[in-house]
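# A structural walkthrough
Each chain, letter by letter, is given below.
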Amino acid sequence: MKAGFSLTRTFSITSLLGIVTIVVALGLFYRWVSIDNLKAQATRANSELAQAISNTLRENVNSLLDYEDQGGAHISLADSLLVKEIDAAVLPRLQGLSVIKIKIFDLHGHTIYSTDHSQIGKDESQGLGVRQALLGVKADKMSFREHFIGINGSVSNRHVVASYIPIRSSSAEGEEGPVEGVFEIYTDVTPLVKGVEQTALQVLGIVALLMLALYLYLLDTIRRADRELQAHGRREREEREQRIHYLAKHDPLTGLPNRNQFNDLLDQAVARAERSGNALGVMLIGLDRFKVINDSLGQEVGDRVLVE
């Protein structure tokens, strides 16, 4: 037998799926917004660091940017006095910070400085972040690194934000000049990401509990409404069945027993008379000229005469 429609079952399934979808969507949205804000904060901090390094080591940075024009080869920069001077000035500044690598690119996208000297001389001109920064637009990207060589050696399983900041010259009036190179600064944001994920789980837990409480409340309301609807449906079916049973044995106009009911009652009366030996009589009442009433005054008037 095919099961009938159940409001409670339908609501419980659809609403539970909806709640799970909402909770998951909220979790993903919260994490996306938090990570995006985290990247923006890291980029701002890296921009400030890049500006500080650029201001402090302006002559050294300019010398790096001009190194190729002076006849130097990028591959020889790693062992040059210039790189050692920048190391001596930059590395102490990074102590206690979450910065794990700094790189500088020239206008051709070549690495002219890196805290990882093995990368000096590499061509990074096809990198999206480098290309954007060379156009004067700050860029950032976040990635998960299973292995990463930083200032303090190799690290593993780290969330890293790479910020690409244009290097510009400044005029005496303080106006920014054209792009001369690019800073790439890597920041380890693993603790922040873990904090975001932990907070996201807490928020999701609270939202899930609230949604569960709402779900249980609505489920109870729907269950009671479903019971009431089912009871109302049963009452309507019983009333219809009673009405059908009544109409099967009674005239719908007068409410008197119809021919079938009359025959049943007559058979029962005859049977009782035969058992008891009593006499039985049947009275027949007719209405003279009733057809005249229907023909002259209409059937509706005739129906009222019958009822009276």
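Residues numbered from 1 in each chain as written. Predicted model: local features only at pLDDT ≥ 70, side-chain atom pairs only at ≥ 80, totals over all residues. Heavy atoms only, no water.

Bringing the side chain of His159 into the picture now. Checked against the element boundaries, His159 lands in strand β4 (residues 153-170). The residues contacting His159, other than those within four sequence positions of it, are Met142, Ser143, Phe144, Thr187, Asp188, Val189, Thr190 and Val193. (Helix = DSSP H or I, 4+ residues; strand = E, 2+ residues; numbered from the N terminus. Contact = heavy atoms within 4.5 Å.)

This paragraph deals with unusual backbone geometry. Residues other than glycine seldom take positive phi values, yet Asn157 does so here, at roughly 50°. With respect to the helices and strands, Asn157 occurs in strand β4.

Glancing now at the pattern of salt bridges. This structure, assessed with the given rule, holds seven salt bridges. With a closest N to O distance of 2.9 Å, Arg158 and Asp188 form a salt bridge. Of this pair, Arg158 sits in strand β4 while Asp188 sits in strand β5 (residues 176-188), and the two are 30 residues apart along the sequence. One connected set of salt bridges, linked through shared partners, spans Lys103, Glu124 and Glu184. (Salt bridge = Lys/Arg side-chain N within 4 Å of Asp/Glu carboxyl O.)

Glancing now at the packing of aromatic side chains. Throughout the structure, instances matching the rule amount to two aromatic pairs. On the numbers, 6.2 Å between centres and 35° between planes, the contact of Phe29 with Trp32 is tilted. Placement of the pair is Phe29 and Trp32 together in helix α1 (residues 7-56), with a separation of three residues, close to one helical turn. Between Phe148 and Tyr186 the ring centres are 5.2 Å apart and the planes differ by 55°, which places this aromatic pair in the tilted class. Here Phe148, found in strand β3 (residues 139-150), pairs with Tyr186, found in strand β5; they are 38 residues apart in sequence, far enough to count as distant. What makes Tyr186 buried here is its relative accessible area of 7%. For Lys101, the ring lying beneath its charged end belongs to Phe148, and the centroid distance is 4.7 Å. Lying over the aromatic face of Tyr186, Lys101 brings its terminal NZ or CZ to 5.6 Å of the ring centre. (Phe/Tyr/Trp six-rings, centres within 6.5 Å; stacked < 30°, edge-to-face > 60°. Buried < 20%, exposed > 50% of the residue type's maximum accessible area, 1.4 Å probe, protein only. Lys NZ or Arg CZ within 6 Å of the ring centre and 35° of its normal.)

What follows concerns the packing of α1 against helix α6 (residues 190-249). Running from N to C, α1 and α6 cross one another at 160°; their axes reach a closest spacing of 9 Å. What the angle tells us is that α1 and α6 run roughly antiparallel. For the crossing formed where α1 meets α6, the hand is right-handed. Across the contact of α1 with α6, the residue classes tally to 24 nonpolar, six polar and four charged. (Axes fitted to C-alpha atoms, helices over the stretch in contact; angles between N-to-C directions. Parallel < 35°, antiparallel > 145°, perpendicular 65-115°, else oblique. Left-handed = near helix turned anticlockwise from the far one by under 90°. Nonpolar A, V, L, I, M, F, W, Y, C, P; charged D, E, K, R; others polar.)

If you look at the biggest cluster of nonpolar residues, it comprises 19 residues, and the most contacted ones within it are Leu49, Ile53, Val90, Ile102, Phe183 and Ile185. Looking at this core, the elements that each hand over two or more residues are α1, α4 (81-90), β1 (99-105), β2 (111-114), β4 and β5. With residues up to four places along the chain from it excluded, the contact list for Ile185 reads Asn46, Leu49, Ala50, Val99, Lys101, Ile102, Val161, Ala162, Ser163 and Ile165. Residues Ile100, Val130, Ala133 and Ala162 belong to the second largest nonpolar core, which totals 11 residues. (Core = buried A, V, L, I, M, F, W, Y, C linked by side-chain atoms within 4.5 Å.)

A cluster of acidic residues, Glu236, Glu238, Glu239 and Glu241, forms a negative patch on the protein surface. Topologically, Glu239 is positioned in helix α6. We classify Glu239 as exposed; its relative accessible area is 52%. (Patch = residues over 30% accessible without salt bridge, like charges linked within 9 Å, V, L, I, M, F, W, Y side chains within 5 Å. Areas by Shrake-Rupley, 256 points an atom, 1.4 Å probe, with all protein chains shown as cover. Lys, Arg positive; Asp, Glu negative; His and termini not counted. Charge placed at Lys NZ, Arg CZ, Asp CG, Glu CD.)

Here we come to the pairing of β1. Counting buried positions along β1 yields seven of seven residues, so the element is predominantly enclosed. In terms of strand pairing, β1 meets β5 through six bridges, oriented antiparallel. Paired with Ile102 across the two strands is Ile185, which belongs to β5. With three bridges connecting them, β1 and β2 associate as antiparallel partners. In the strand pairing of β2, Phe105 is matched with Thr111. Following β1, the chain reverses through five residues before pairing antiparallel with β2; Gly109 in that reversal takes a positive phi of roughly 80°. (Pairing = 2+ DSSP bridges.)

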